[in-house]
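# Breakdown of the fold
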2 protein chains.
Amino acid sequence: MAVEVRELFMEQLRRIKSYEEAVGVLYWDLRTGAPRKGVPQRSQTIGMLQTEAFKLTIADEMGEWLEQLSKPDTYGALTEVEQRSVEIMRRRYERSRKIPSDMFQEYVILTSEAESVWEEAKQESDFTRFQPYLEKIVDYNRKFTELWGYEDHPYDALLDDYDPGMTVRKLDELFGRVREQLVPLVQQVKDSRISPDVSFLKQPFPKEKQRAFSEYIVKQIGYDMAAGRIDETEHPFATGLNVGDVRITTRFKPDDLTFSLFSTIHECGHALYEQNIAEELNGTLLAEGASYGIHESQSRFWEIFVGMSRPFWQRYMSELREYFPEQLGDVSVDAFYQAINKAEPSLIRIEADELTYNLHIMIRYEIEKQLISGQIEVKDLPQIWNDKYEEYLGVRPSRDAEGVLQDVHWAGGSFGYFPSYSLGNMYAAQICATMKRELRDYTALIERGELGPIKDWLAERIYRHGSMMRPEQFIAQVTGEELDSRYLIEHLKEKFSELHEL
Amino acid sequence: MAVEVRELFMEQLRRIKSYEEAVGVLYWDLRTGAPRKGVPQRSQTIGMLQTEAFKLTIADEMGEWLEQLSKPDTYGALTEVEQRSVEIMRRRYERSRKIPSDMFQEYVILTSEAESVWEEAKQESDFTRFQPYLEKIVDYNRKFTELWGYEDHPYDALLDDYDPGMTVRKLDELFGRVREQLVPLVQQVKDSRISPDVSFLKQPFPKEKQRAFSEYIVKQIGYDMAAGRIDETEHPFATGLNVGDVRITTRFKPDDLTFSLFSTIHECGHALYEQNIAEELNGTLLAEGASYGIHESQSRFWEIFVGMSRPFWQRYMSELREYFPEQLGDVSVDAFYQAINKAEPSLIRIEADELTYNLHIMIRYEIEKQLISGQIEVKDLPQIWNDKYEEYLGVRPSRDAEGVLQDVHWAGGSFGYFPSYSLGNMYAAQICATMKRELRDYTALIERGELGPIKDWLAERIYRHGSMMRPEQFIAQVTGEELDSRYLIEHLKEKFSELHEL
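### Concerning the overall build of chain A
Broken down by element type, chain A carries 22 helices and 3 strands. In summary, chain A has a C-alpha radius of gyration of 23 Å against a globular reference of 23 Å for 502 residues, a match within 12%. If one aligns the C-alpha atoms of chain A with their principal axes, the spans along those axes are about 70 × 50 × 50 Å. Going through the 502 residues of chain A one by one, you find that 59% of them count as buried. Relative to all contacts within chain A whose residues are 6 or more apart in sequence, the contacts with residues 24 or more apart total 73%. For chain A, the accessible surface area stands at approximately 20,900 Å², while carbon and sulfur atoms represent 47% of it. One finds the centroid of the 60 positive side-chain charges in chain A at a distance of 1 Å from the centroid of its 87 negative side-chain charges.

Listed below in structure tokens is the structure:
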């Protein structure tokens, strides 16, 4: 009996994963060139597939299987993959069952409308248009936190969707230390009078050559073209359809070398993770990253810790010059390294440099936390937002389009998502510190363009495990300690002190 | 109650159609560049989606709904779309339920293996390797005909899958007249001593220019690029995902102008059909062609009756010369028209010209019919095949790879498919004759490149109706009479008599 249940259960999870894969292909297709007129019907089809998968998730049958498989004796006899599948599925089942289906339907419609309204409001820089929608979305999220439950802070219930186990208490501590050290560092950098020339990065760079160089670099990093492909989209993304099919997209700006180059490396980092998940997890719910934060750590590791490092360009600058002799023929490694790392407080998160980026995230985190706990109200957001930008970054938006309206996340209801971006940076710095201890010639490997051992180390320690472990357990296993933001702080201090001769 | 059943039923059909759309996108993706390593898992996902759709089709619930909706009072109160949906679904339900699921599973595995074996057998030109598989496939198809039932001839039960209502009795008559007239005509053409120069069609034609000209031509014909896209694949195809998303593919041969040009026009003909199905049918099971034969008539109409006609090149030859001045600068309209219509008996169906093509089909039809009725046996096929080629076309294969092993259809179990190709030609000729009566300036429109009225006529008479009518009813409504092969015969006689001064 138990054996049969276990097979039925795992088979059902494979079915759910197959729905997710199909939906993934359909979304990829929509974003990479599906004809405009087919979109309404395609959206119906995507909705149908998602609904079918959701029905399987919340079925009574699923509840019964989970109960049976969770009994100590039965659970103990399961394989590790099965045990972890039970854990992950139970969480999904319980959270999904706690939201009444009417409420969920209303919320899906609300956020879908809100995204359109947000787009218009941003266009016209008019927060008041978006405000009533955001108020409702915040209300729903407050209700969700009550339905899901939490120990200390209602926002914990939302964080759990993106980084299971992450809490306000932990984040306050992690971010607190970052803010304490970063705000003065940003000020020092601003005052340092070293302001690198970046003009050579903004010249005409033929798209075809940009594409060729990007492809060359991702292959150097270890992206497997037989298990992926590169396309162009408005907003770059990576999508893991299955372990043998992990695609990335990029956008080539004709007058900007670095946008596509570093966004391609970023997405390639996400893709390396999923291409290297163990084959035995392929087709199961465990064939994904351990959390949003850990996933982001891999994109940021390759983008920043490797791609924006000096040794990397000591190796690849001469080749970059060969691709663009007219534009970069007389640019030195140092000049290039300084230019791509120019740091300066700014208003727009997605254009922010490595140093100031975490302050953008922190502002959003603090606002989300207080919105969900009811300490602040939606109507006051523009004022709060602008004040915080002034306090942390020393810049103040003059229009809401450049301020509180800049990101789509809240319109889509993604409360709890933003912290993953900074968690990614923290995880990446900590993992990088471990790697440097274990791969003694880490810097020399990058200088020689021998990136294989670095990828292999990550594959062995991180990638192949998929979501076999909870993030906190995982980071402890990989680095020997719990997440600590001091690695990120040390990295930023060291890098930017050197760059700005502080 | 009846209202509710009717809604549940139509909703379920939309769900089945959505599964088909998703599977369609996944197949398109596999053929246009999905990474190799993702294929095994993707195949699992496709299999899952097909199985889910099939389960809905054969569910007891579906049987109950069909029974209720078929009661005269209830049926009479349905809309035309609902009535036709009941008809089509009942046929699917009944045919699917009649095959025991074990038998169906075995057959799916058999044909999947047989396709691989056929590939190897063709490579080595060794029919005996393929023979045991083909014997089993024929046996299964004989069993299917008994399970499905038929009035006169068992092959009728198979034909019904491709052109509902088509029978051996009708085909024997249609093909009989074609053979009677065509075999001597082919001989006359062969003896005519007029053999056009085709050497200028086989020169280097840069792929990018071929692509540009093909795109120009399909837009002239009326292909809507906002409801479609053109990609490259090994074997060209068209796929209607929904009414607003009908894609075509082509293959550019670097030394051959006509392959991609006419295959693109052919696929574009299929696509025009599906792009112009009435919006109210979008997402229903009726959003497809009326039958394989009628679908093929639209690809052949545009490819042959328009694209390979003299007036078409009177209009477009000068532009073709502008795309390829070096290759075609001194080629006249007449020389081009003669070259693209060169007719000559040959061994390979897919390379055959318009005149001899139908004889290739007829040979396959006669063989299939006798295989299914048991009049001939699989082991004798090579001999029978070669004899028929000698009799009808005056050529004899020296190897089975160029003979009985050339097509994949039988390995895939598609008995009853081949006749659609010739039915397509017959339908096209008959429809074209009607159009010429109704659009008095038909030829002048083509000469002026005003293809809009032609497309509109077809959209109004044929395309918008999707599969609202059975093929026989449909052709009678469009042309005022039942299908008659004399239109095709007249067309071929007229065209090739003129070309060969007979």
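### With respect to the sheet that holds strand S3 (residues 245-250) of chain B
Strand pairing in a sheet relies on backbone hydrogen bonds. The paired strands run either parallel or antiparallel. Residues and elements named next belong to chain B. Spatially, 3 strands are ordered S1-S3-S2 in an open sheet, and the strand pairing comes out mixed. Pairing within the sheet leaves two strands with one partner each, and these edge strands are strand S1 (230-232) and strand S2 (238-242). Here the average twist between neighbouring strands, direction ignored, is 25°. Strand direction decides the pairing type here: S2 and S3, joined by 4 bridges, are antiparallel. Residue pairing for S3: Gly-240 is matched across the bridge by Val-246. The strands touched by helix H11 (residues 257-275) within the sheet are S2 and S3, with S3 carrying the most contacts at an inclination of about 170°.

### Digging into the relation of the copies chain A and chain B
Expressed as a screw transformation, the operator carrying chain A onto chain B has a rotation angle of 179° and an axial translation of 0.0 Å, and the superposed copies differ by an RMSD of 0.1 Å. When the rotation and shift are considered jointly, the pair of chain copies conforms to a two-fold rotation axis. Relative to the rotation axis, the C-alpha of Ala22(A) is the closest in chain A, positioned 3.5 Å from it. A share of 100% of interface residues in chain A that are also interface residues in chain B marks the association as one of identical surfaces.

### Focus on the pattern of salt bridges
Overall, the coordinates contain 96 salt bridges over all chains when judged by the stated rule. A salt bridge links Arg42(A) to Asp245(B); the shortest N-O distance between them is 3.0 Å. Placement of the pair is Arg42(A) in helix H2 (residues 39-58) and Asp245(B) in strand S3, with the two residues belonging to separate chains. Asp245(B) carries the same exposure label as Arg42(A), and that label is buried.

### Let's talk about unusual backbone geometry
Of note, the phi angle at Arg193(A) is positive, near 70°, even though the residue is not glycine. For Arg193(A), the location among the structural elements is in the loop between helix H9 (168-191) and helix H10 (207-221).

### With respect to the packing of helix H12 (residues 292-306) of chain A against helix H18 (residues 419-438) of chain A
Helices that pack against each other are described as a pair by the angle of their axes relative to one another and the distance between those axes. All names here are of chain A. Taken N-terminus to C-terminus, the directions of H12 and H18 make an angle of 65°; their axes are 7 Å apart at the nearest point. H18 is crossed by H12, and the crossing has right-handed handedness. Across the interface between the two elements, Tyr-292, Gly-293, Ile-294, Glu-296, Ser-297, Gln-298, Arg-300, Phe-301 and Phe-305 from H12 touch Ser-420, Tyr-421, Leu-423, Gly-424, Asn-425, Tyr-427, Ala-428, Ala-429, Ile-431, Cys-432 and Met-435 from H18. Of the residues assigned to the contact of H12 with H18, the class counts are 12 nonpolar, 6 polar and 2 charged.

### Section: the interface of chain A and chain B
The interface is formed by 35 residues belonging to chain A together with 35 residues belonging to chain B. Taken over both partners, the interface formed by chain A and chain B buries close to 2,800 Å², and the fraction arising from carbon and sulfur atoms is 51%. Counting the surface chain A buries against chain B, the share from its top three residues, Pro35(A), Gln41(A) and Arg42(A), is 19%. We note a salt bridge from Glu52(B) to Arg15(A), for which the minimum N-O separation is 3.6 Å.

### Things to note about the side chain of Asp353(A)
Along the chain, Asp353(A) turns up in the loop between helix H15 (333-340) and helix H16 (354-373). In this structure, Asp353(A) is in contact with Lys342(A), Ala343(A) and Glu344(A), ignoring residues within four places of it in sequence.

### Structural notes on the sheet that holds strand S1 (residues 230-232) of chain A
Residues and elements named next belong to chain A. Spatially, S1-S3-S2 is the arrangement adopted by the 3 strands of the open sheet, whose pairing is mixed. Looking at the sheet topology across the chains shown, the edges are occupied by S1 and strand S2 (238-242). Direction aside, neighbouring strands of the sheet carry axes that sit 25° apart on average. Contacting S2 and strand S3 (245-250), helix H11 (residues 257-275) crosses the sheet at an angle of about 170° to S3.

### Structural notes on the environment of Tyr389(A)
Residues and elements named next belong to chain A. Along the chain, Tyr-389 falls in helix H17 (residues 381-393). With 226 residues separating them in the primary sequence, Tyr-389 and Asp-163 have C-alpha atoms 26 Å apart. In this view, Tyr-389 contacts Ser-346, Leu-347, His-360, Ile-363, Arg-364, Gly-394, Val-395, Pro-397 and Gln-406; residues no more than four positions away in its chain are not counted. Polar contacts involving the side chain of Tyr-389 include one to the side chain of Arg-364, which spans 2.9 Å.

### Structural notes on the packing of H10(A) against helix H13 (residues 310-323) of chain A
Residue and element names in this part refer to chain A. The N-to-C vectors of H10 and H13 enclose an angle of 150°; their axes lie 11 Å apart at closest approach. Here H13 runs roughly antiparallel to H10, going by the angle between their axes. Classified by chirality, the crossing of H13 by H10 is right-handed. The segment H10 lies against H13, with Lys-209, Ala-212, Phe-213, Tyr-216, Ile-217 and Gln-220 engaging Phe-312, Trp-313, Arg-315, Tyr-316, Glu-319, Leu-320 and Tyr-323. Across the contact of H10 with H13, the residue classes break down as 9 nonpolar, 1 polar and 3 charged.

### Quick notes on helix H21 (residues 471-479) of chain A
All names here are of chain A. Within H21 the residues assigned to the buried category are Pro-471, Phe-474, Ile-475, Val-478 and Thr-479. In a view along the axis of H21, the buried residues occupy a sector of 105°, so they form one face of it. Next to the buried residues of H21 lie H11, H12, H18 and helix H20 (452-461). A positive phi of about 80° marks Gly-480, the residue just after H21.

### Side note on the pairing of S3(B)
Residues and elements named next belong to chain B. A large share of S3 lies buried, amounting to 6 of its 6 residues. Of the two faces of S3, both are covered, the one formed by Asp-245, Arg-247 and Thr-249 as well as the one formed by Val-246, Ile-248 and Thr-250. As paired elements, S1 and S3 share 3 bridges and run parallel to each other. Within S3, the position partnered with Ile-230 by the bridge is Ile-248.

### Quick word on the packing of aromatic side chains
On inspection of all chains with the given rule, the structure shows 61 aromatic pairs over all chains. When the centroid spacing of 4.7 Å and the interplanar angle of 45° are considered together, the rings of Phe312(A) and Tyr316(A) count as tilted. Of this pair, Phe312(A) and Tyr316(A) both sit in helix H13, separated by 4 residues, roughly a single helical turn. The class of Phe312(A) is buried, set by a relative accessible area of 1%. The class for Tyr316(A) is buried, based on a relative accessible area of 0%. The rings of Tyr162(A), Tyr292(A), Tyr357(A), Trp385(A), Tyr389(A), Trp410(A), Phe415(A), Tyr417(A), Phe418(A) and Tyr421(A) are connected pair by pair, giving a single aromatic cluster. The cationic tip of Arg486(B) hangs over the ring face of Tyr487(B); the distance from NZ or CZ to the ring centre is 4.5 Å.

### Some details on the environment of Glu460(B)
Residues and elements named next belong to chain B. Among the structural elements, Glu-460 can be located in helix H20 (residues 452-461). Judged by relative accessible area, Glu-460 falls into the partly exposed class, the value being 43%. For the pair Glu-460 and Ile-230, spaced 230 residues apart in sequence, the C-alpha separation works out to 25 Å.

### Focus: helix H5 (residues 80-98) of chain A
Relative to the 27 Å expected for 19 residues at 1.5 Å per residue, H5(A) spans 27 Å between its end C-alpha atoms, a close match to the ideal helical length. For H5(A), the complete set of buried residues consists of Val81(A), Glu82(A), Gln83(A), Arg84(A), Ser85(A), Val86(A), Ile88(A), Met89(A), Tyr93(A), Arg95(A) and Ser96(A).

Conventions used here
Residues numbered from 1 in each chain as written. Chains lettered and ligands numbered in written order. Predicted model: local features only at pLDDT ≥ 70, side-chain atom pairs only at ≥ 80, totals over all residues. Heavy atoms only, no water. Helix = DSSP H or I, 4+ residues; strand = E, 2+ residues; numbered from the N terminus. Rg over C-alpha atoms; globule rule 2.2 N^0.38 Å. Buried < 20%, exposed > 50% of the residue type's maximum accessible area, 1.4 Å probe, protein only. Contact = heavy atoms within 4.5 Å. Areas by Shrake-Rupley, 256 points an atom, 1.4 Å probe, with all protein chains shown as cover. Lys, Arg positive; Asp, Glu negative; His and termini not counted. Charge placed at Lys NZ, Arg CZ, Asp CG, Glu CD. Pairing = 2+ DSSP bridges. Axes fitted to C-alpha atoms, helices over the stretch in contact; angles between N-to-C directions. Least-squares fit on C-alpha atoms with pLDDT ≥ 70 in both. Salt bridge = Lys/Arg side-chain N within 4 Å of Asp/Glu carboxyl O. Left-handed = near helix turned anticlockwise from the far one by under 90°. Nonpolar A, V, L, I, M, F, W, Y, C, P; charged D, E, K, R; others polar. Buried area = accessible area lost by both parts, 1.4 Å probe. Polar contact = N/O pair within 3.5 Å; in protein donor to acceptor, adjacent residues only side chain to side chain. Parallel < 35°, antiparallel > 145°, perpendicular 65-115°, else oblique. Arc of directions from axis to C-beta. Phe/Tyr/Trp six-rings, centres within 6.5 Å; stacked < 30°, edge-to-face > 60°. Lys NZ or Arg CZ within 6 Å of the ring centre and 35° of its normal. Expected span 1.5 Å × (residues − 1).

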